[in-house]
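Spelled out from the first residue to the last, the chains are:
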Amino acid sequence: MDSSSYRRHVEGFIDSGAGRHTLGLVYGRRRIGKSTLLEAVTRERGGFYWEATRTESPIQLSRLGEALGEYLGVGRLALDSWDEAFRQLLRLGEARRVPVVVDEFGHVLAADPSADSIVASAIGPAARRASSGQARLVLCGSAIAMMSSLTAGEAPLRGRAGMELVMQPADFREAAGWLGANADLELAARVYAVIGGVIGYATDIVDHDLPTGMDDFDRWVADRLLSPAATLHHEATTLLAEDPTLTAVNPVVLNSILGAIANGSIAAGKIANQLRRSVSNIEPSIRRLIAAGFVVRHADPVRSQRPSYALADPFLQFHYAILEPHSSLLRDREPSATWKRRLAATFDAHVRGPVFEEQVRSWARRYAAPETLGAEPDHLGPSAVVVDGTERQLDLVVATPGDPDEPPAAREIHAIGEAKSGEVVGHGHLRILEQVRAAYGGRAARAKLLLAAPSFTTELRSEADQRPDIELIDLERLYHGS
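So, here's what we can say about the structure. Keep in mind that this is a model prediction, so the values were computed, not measured. (Residues numbered from 1 in each chain as written. Predicted model: local features only at pLDDT ≥ 70, side-chain atom pairs only at ≥ 80, totals over all residues. Heavy atoms only, no water.)

### Quick look at the pairing of strand β3 (residues 98-103)
Reasoning step 1: Of all six residues in β3, six are buried, a share of seventy percent or more.
Reasoning step 2: Because side chains alternate across β3, one face comprises the buried residues V98, V100 and V102, and the other comprises P99, V101 and D103, equally buried.
Reasoning step 3: Across four bridges, the pairing between strand β2 (residues 48-51) and β3 is parallel. Paired with W50 across the two strands is V102, which belongs to β3. (Buried < 20%, exposed > 50% of the residue type's maximum accessible area, 1.4 Å probe, protein only. Helix = DSSP H or I, 4+ residues; strand = E, 2+ residues; numbered from the N terminus. Pairing = 2+ DSSP bridges.)

The following block contains the structure:
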């Protein structure tokens, strides 16, 4: 979903014909544009926008009273409680539909854990009978797990929200536009592997400095990511520290899990071995990281109970593969030389490669035509299969069940694929996929063979032109095709 789609959802919520106060939730990672969107829409509609800070309730209420009084033109309002504050906010909608935004609601909730109950009461049936109005109250926050819990289970706001909009970072296609209308696609892919789709990482946090071409990429990484003055050095640990659902977990464990995934340990057993802990010991922490939006769990399309894990954002991959493990080196050595001598190769192997694999899976889910994949991608993800006694990892498997109750092992396989970011792909790669297809047996007999890479040999392209079971995905097709 792009930024214009998010705006349409917010405006649709505000314009709802409901003749009463309504509640909406908007949340997502920091710096993806939530506040910018809500502030702009609120300003255009003549509404009220206020952002909470990490302080105690009396200070928050004092600031809110000052802002609300200024908005009404009556001088500072004395707000003694959140109950009174939300009653005053909803009064703004007595005469018309008007957006009322409380941003960083997590800070309000941290200072007063009853704040969600107060909101539920303020917009509940009893409150509606006592006073009418059409305020469109929007609670916004960056702590994903905390915000999603507001409407989960027996939470006070369950069933109260008319909109629950989870904003995601831009995907790789939209992010390429930040480099200009005719951006070099190899450059776009490399920049995406560094900062991902968080708009704030492409603007303020790099001082609005993006590389102008491939010959400027190394300079940009050294200046904006590796330099001791770069603001992104501590971004990942700050994000972890700011999420209240993660504060109960030892930060060393969280960082170790993220670091293990970034450096190739993508199964629970391998992560546990890396941390020298049991799987049962680390699984609760992994679940928390998934709920908080730091880790993605990929279910295996054709094997039961064999999930794999990836970091949810390319920048996290960059942080835990480049910045965090080499922090002392970057502190003591000149960043540009260190990048060229050592870290550029690490980037290609441990950042560019895994991020490219995720890009290809995203392309298959969102953009690939059913004819390309052999079917609609009901079940899509990485997997593994034993070929001649050796387990071989696959970046992409597309499968569909003949019966919804069938186990994964009975699903028909429609496509298998590999993604190679740093090499010219040729017949050798194709022959490996053909061996894999044969190892799967009859359920993969008609499976498409997908190879994704920046470039292919002329011989492979010629063979692909003659065979309908081969699909080559170069950068042009990845970014613009299906």
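### Examining a positive patch on the surface
Reasoning step 1: A cluster of basic residues, R20, R128, R129 and R160, forms a positive patch at the surface.
Reasoning step 2: With respect to the helices, strands and loops of the structure, R160 is situated in the loop between α8 (144-149) and β5 (161-167). (Patch = residues over 30% accessible without salt bridge, like charges linked within 9 Å, V, L, I, M, F, W, Y side chains within 5 Å. Areas by Shrake-Rupley, 256 points an atom, 1.4 Å probe, with all protein chains shown as cover. Salt bridge = Lys/Arg side-chain N within 4 Å of Asp/Glu carboxyl O. Lys, Arg positive; Asp, Glu negative; His and termini not counted. Charge placed at Lys NZ, Arg CZ, Asp CG, Glu CD.)

### Side note on the sheet that holds strand β11 (residues 448-452)
Reasoning step 1: Overall, mixed pairing links the five strands, which are arranged β8-β9-β10-β11-β12 in an open sheet. Unpaired on one side and paired on the other, β8 (379-387) and β12 (470-473) mark the two borders of the sheet. Pairs of neighbouring strands in the sheet enclose a mean axial angle of 30 degrees, with direction left out of account.
Reasoning step 2: Pairing between β8 and strand β9 (residues 390-400): eight bridges, direction antiparallel. Counted as the bridge partner of V385 is R392 from β9.
Reasoning step 3: Strands in contact with helix α18 (residues 335-366) are β8, β9, β10 (412-419), β11 and β12; relative to β8, the strand with the most contacts, it is inclined by about 125 degrees. (Axes fitted to C-alpha atoms, helices over the stretch in contact; angles between N-to-C directions. Contact = heavy atoms within 4.5 Å.)

### Some words on empty space enclosed by the protein
Reasoning step 1: For the structure shown, the criterion picks out one cavity of 30 Å³ or more.
Reasoning step 2: For the largest cavity, the calculated volume is near 60 Å³.
Reasoning step 3: Residue lining of the largest cavity: A175, A176, W178, L179, A188, V191, Y192, I195, G196, A202 and L210, and that is the complete set.
Reasoning step 4: Broken down by secondary-structure element, the contributors of at least two residues to the lining of the largest cavity are α9 (172-176) and α10 (185-195).
Reasoning step 5: In terms of residues, the lining of the largest cavity owes the most to one element, α10, which gives four residues.
Reasoning step 6: Grouping the amino acids of the lining of the largest cavity by side-chain chemistry returns 10 nonpolar, one polar and no charged. (1 Å grid on protein atoms, 1.4 Å probe; cavity = no way out; pocket = protein on both sides within 12 Å on 5 of 7 lines; lining within 4 Å. Points joined across faces, edges and corners; volume = space filled by probe spheres on them. Nonpolar A, V, L, I, M, F, W, Y, C, P; charged D, E, K, R; others polar.)

### Looking at the sheet that holds strand β1 (residues 22-28)
Strand pairing in a sheet takes place through backbone hydrogen bonds and is either antiparallel or parallel in direction.
Reasoning step 1: Strand order in the open sheet formed by five strands is β2-β3-β4-β1-β5, with parallel pairing between adjacent strands. Sheet topology places β2 and β5 at the edges, where each strand pairs with a single neighbour. Within the sheet, the average angular offset between the axes of one strand and its neighbour, ignoring direction, is 15 degrees.
Reasoning step 2: Pairing geometry for β3 and strand β4 (residues 135-141), over five bridges, is parallel. The residue of β4 that forms the bridge with V98 is A135.

### A short note on unusual backbone geometry
Reasoning step 1: With phi around 65 degrees, R31 is a residue other than glycine that occupies positive phi space.
Reasoning step 2: Tracing the backbone through its elements, the reader meets R31 in the loop between β1 and α2 (34-44).
Reasoning step 3: Residue R31 is classed as partly exposed on the basis of its relative accessible area, which comes to 39%.
Reasoning step 4: A positive phi angle is found at H208, which is not glycine, with a value near 55 degrees.
Reasoning step 5: By the element assignment, H208 lies in the loop between α10 and α11 (214-226).
Reasoning step 6: Under the relative-accessibility criterion, H208 is labelled exposed at 56%.

### Some thoughts on the pattern of salt bridges
Reasoning step 1: Within this structure, the stated rule accounts for 34 salt bridges.
Reasoning step 2: With its nearest N and O atoms 2.8 Å apart, the salt bridge here joins R219 to D216. Of the two residues, R219 and D216 are both situated in helix α11; the distance of three residues between them amounts to about one turn of the helix.
Reasoning step 3: A residue is classified by how much of its surface remains accessible, and D216, at 14% relative accessible area, is buried.

### Focus on the packing of aromatic side chains
Reasoning step 1: Throughout the structure, instances matching the rule amount to 12 aromatic pairs.
Reasoning step 2: Between F172 and Y479 the ring centres are 5.1 Å apart and the planes differ by 85 degrees, which places this aromatic pair in the edge-to-face class. With F172 in helix α9 and Y479 in helix α22 (residues 475-480), the pair connects residues that are 307 residues apart, well separated along the chain.
Reasoning step 3: On the basis of relative accessible area, F172 is assigned to the buried category, the value being 1%.
Reasoning step 4: Here W339 and F347 contribute two aromatic rings whose centre-to-centre distance is 5.6 Å and whose plane-to-plane angle is 55 degrees, an arrangement assigned as tilted. For the pair W339 and F347, one class covers both residues: buried.
Reasoning step 5: Among the aromatic residues, ring-to-ring pairing joins F217, W220, F318, W339 and F347 into one connected group. (Phe/Tyr/Trp six-rings, centres within 6.5 Å; stacked < 30°, edge-to-face > 60°.)

### Some thoughts on the nonpolar core
Reasoning step 1: If you look at the biggest cluster of nonpolar residues, it comprises 94 residues, and the most contacted ones within it are L226, F294 and F318.
Reasoning step 2: One finds F48, L79, A115 and A135 within the second-largest nonpolar core, a separate group that totals 38 residues. (Core = buried A, V, L, I, M, F, W, Y, C linked by side-chain atoms within 4.5 Å.)

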